[in-house]
Amino acid sequence: MWNVNYSYDGRVKGPSAHWADASLGGRARWHASPHSALKIRDVVPTDRALYRCRVDFKVSPTKNHKLMLHVIGK
């Protein structure tokens, strides 16, 4: 098992605000509305990992969250 990182910088506008490990292959995206969420498309068993999500804000402290993703396959 490994760690996967995704980062969103709220101080930056446009696609460069998002950064993700190459293992996600462009399948992940953070959405702020209606509820903050990291969405991963086409999940595969190898996506099982400890995910760390970091969000940098303009006037608030940076937030880090960790979540273990278990993938249950057929």
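Just so it is clear, the structure is predicted and the values come from calculations on it, not from any experiment. (Residues numbered from 1 in each chain as written. Predicted model: local features only at pLDDT ≥ 70, side-chain atom pairs only at ≥ 80, totals over all residues. Heavy atoms only, no water.)

### A closer look at the nonpolar core
Then, number 1: Among the nonpolar cores identified, the biggest contains eleven residues, and these are Val-4, Tyr-6, Tyr-8, Ala-17, Leu-24, Ala-28, Trp-30, Ala-49, Tyr-51, Cys-53 and Val-55.
Then, number 2: At the level of elements, β1 (3-9), β3 (28-31) and β5 (49-56) are the ones that each hand at least two residues to this core.
Then, number 3: With four residues, the single largest contributor to this core is β5.
Then, number 4: Excluding its chain neighbours within four sequence positions, the residues that come into contact with Tyr-6 are His-18, Trp-19, Ala-20, Leu-24, Ala-28, Arg-29, Trp-30, Leu-38, Arg-52, Cys-53 and Arg-54. (Core = buried A, V, L, I, M, F, W, Y, C linked by side-chain atoms within 4.5 Å. Buried < 20%, exposed > 50% of the residue type's maximum accessible area, 1.4 Å probe, protein only. Helix = DSSP H or I, 4+ residues; strand = E, 2+ residues; numbered from the N terminus. Contact = heavy atoms within 4.5 Å.)

### Thoughts on the pairing of β5
Look at any regular strand and the pattern is simple: side chains alternate between the two faces of the sheet.
Then, number 1: In terms of strand pairing, β1 meets β5 through seven bridges, oriented parallel. Within β5, the position partnered with Asn-3 by the bridge is Leu-50.
Then, number 2: Adjacent in sequence and paired antiparallel, β5 and strand β6 (residues 63-69) are bridged by six residues. (Pairing = 2+ DSSP bridges.)

### Structural notes on unusual backbone geometry
Then, number 1: The residue Asp-42 is not glycine, and still its phi comes out positive at about 50°.
Then, number 2: Along the chain, the position of Asp-42 falls in the loop between β4 (37-40) and β5.
Then, number 3: Classification of Asp-42 by relative accessible area gives exposed; the value is 61%.

### So, the pattern of salt bridges
Side chains bearing opposite charge may pair, as long as their charged atoms lie close to each other.
Then, number 1: Tallied over the entire structure, the rule returns four salt bridges.
Then, number 2: The residue Asp-47 makes a salt bridge to Arg-27 at a minimum N-O spacing of 2.7 Å. With Asp-47 in the loop between β4 and β5 and Arg-27 in the loop between β2 (18-20) and β3, this residue pair connects regions lying 20 residues apart in the sequence. Each member of the pair, Asp-47 as well as Arg-27, is classed as buried. (Salt bridge = Lys/Arg side-chain N within 4 Å of Asp/Glu carboxyl O.)

### Considerations on the environment of Tyr-51
Then, number 1: The topology assignment puts Tyr-51 in strand β5.
Then, number 2: In this view, Tyr-51 contacts Val-4, Leu-24, Ile-40, His-65, Lys-66, Leu-67 and Leu-69; residues no more than four positions away in its chain are not counted.
Then, number 3: Within the local environment of Tyr-51, its side chain forms a polar contact with the backbone oxygen of Asp-47, the two atoms lying 2.7 Å apart. (Polar contact = N/O pair within 3.5 Å; in protein donor to acceptor, adjacent residues only side chain to side chain.)

### Looking at the sheet that holds β1
Then, number 1: Here four strands make up an open sheet; going across it, the order is β2-β1-β5-β6 and the pairing mixed. Of all strands in the sheet, those with a lone pairing partner are β2 and β6, marking the two edges. Ignoring which end each strand starts from, the neighbouring axes of this sheet average 15° apart.
Then, number 2: Where β5 and β6 come together, seven bridges link them in antiparallel fashion. Residue Ala-49 lies in a different strand from β6, and its bridge partner there is Leu-69. (Axes fitted to C-alpha atoms, helices over the stretch in contact; angles between N-to-C directions.)

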